[in-house]
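Structural overview
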Amino acid sequence: MDNCYGERLIAAGTAIAFQLAHDRTPEQLALMGDLFDVIGDELALLAGTKGMCKLERDNASLRDTLESK
């Protein structure tokens, strides 16, 4: 990944937000913002739990390897 990847994501997110906001009421925008907050929180939670599950699997595999010796 090059150094500008984060900047590209920010630009893409801004463009998407402008498109989604077109012809929406403030109430609709607030609801969409709340929905995307929930989605972001859930994605962060899933990312964290996937990392934990991988660590548990790796530890179990290492434990099994050590016990079989």
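Structure first, text after, so check above.
First, a word on what this report is: a plain description of the structure on this page. These numbers were taken from a predicted model, which means no experiment stands behind them. Chains are numbered independently. Their residues run from 1 in the order of the written sequence. Side-chain atom pairs in this predicted model are given and counted only at pLDDT of 80 or more, local residue features only at pLDDT of at least 70, and totals for whole chains, interfaces and linings cover all residues. Each side-chain value is derived from all of the structure's non-hydrogen atoms; neither hydrogens nor water enter the calculation.

Scanning the chain for helices and strands turns up two helices and zero strands. For the chain, whose C-alpha radius of gyration is 20 Å, the value lies well above the compact-globule estimate of 11 Å for 69 residues. A principal-axis box enclosing the C-alpha atoms of the chain has dimensions of 65 × 30 × 10 Å. Within the span of the chain, comprising 69 residues, buried residues form 0% of the whole. Counting only carbon and sulfur atoms, one obtains 64% of the accessible surface of the chain, whose full area is about 6300 Å². A positive count includes Lys and Arg, and a negative count includes Asp and Glu. His and the chain ends are not counted in either. Every charge is mapped onto a representative atom, which is NZ of Lys, CZ of Arg, CG of Asp or CD of Glu. Of the side chains in the chain, 7 bear a positive and 12 a negative charge, and the two mean positions are spaced by 12 Å. Going along the chain from the N terminus, every DSSP run of H or I of four or more residues is numbered as a helix, and every run of E of two or more is numbered as a strand. Note that the radius of gyration is over C-alpha atoms, with the globule rule given as 2.2 Å times the number of residues to the power 0.38. Between buried and exposed lies partly exposed: a residue is buried under 20% and exposed over 50% of the maximum accessible area for its type, with that area taken using a 1.4 Å probe on protein chains only. Accessible surface is estimated by sampling points in the Shrake-Rupley manner with a 1.4 Å probe; for residues, cover comes only from the protein chains shown.

To estimate the expected span of a helix, subtract one from its residue number and multiply by 1.5 Å. Spanning 17 residues, helix H1 (residues 5-21) covers 24 Å between terminal C-alpha atoms, matching the ideal 24 Å at 1.5 Å per step. Where H1 ends, the next residue or the one after it, Asp-23, has phi of about 60°, a positive value.

Our next topic: the environment of Thr-49. With respect to the secondary-structure elements, Thr-49 resides in helix H2 (residues 26-67). Polar side-chain contacts of Thr-49 include one of 3.1 Å to the backbone oxygen of Leu-46. In the analysis that follows, any N or O atom pair within 3.5 Å is treated as a polar contact, provided that within protein one partner can donate a hydrogen and the other can accept it, and provided that, for residues neighboring in sequence, both atoms belong to side chains.

Looking now at the environment of Gly-51. Within the secondary structure, Gly-51 sits in helix H2. Overall, Gly-51 belongs to the partly exposed group, its relative accessible area being 39%.

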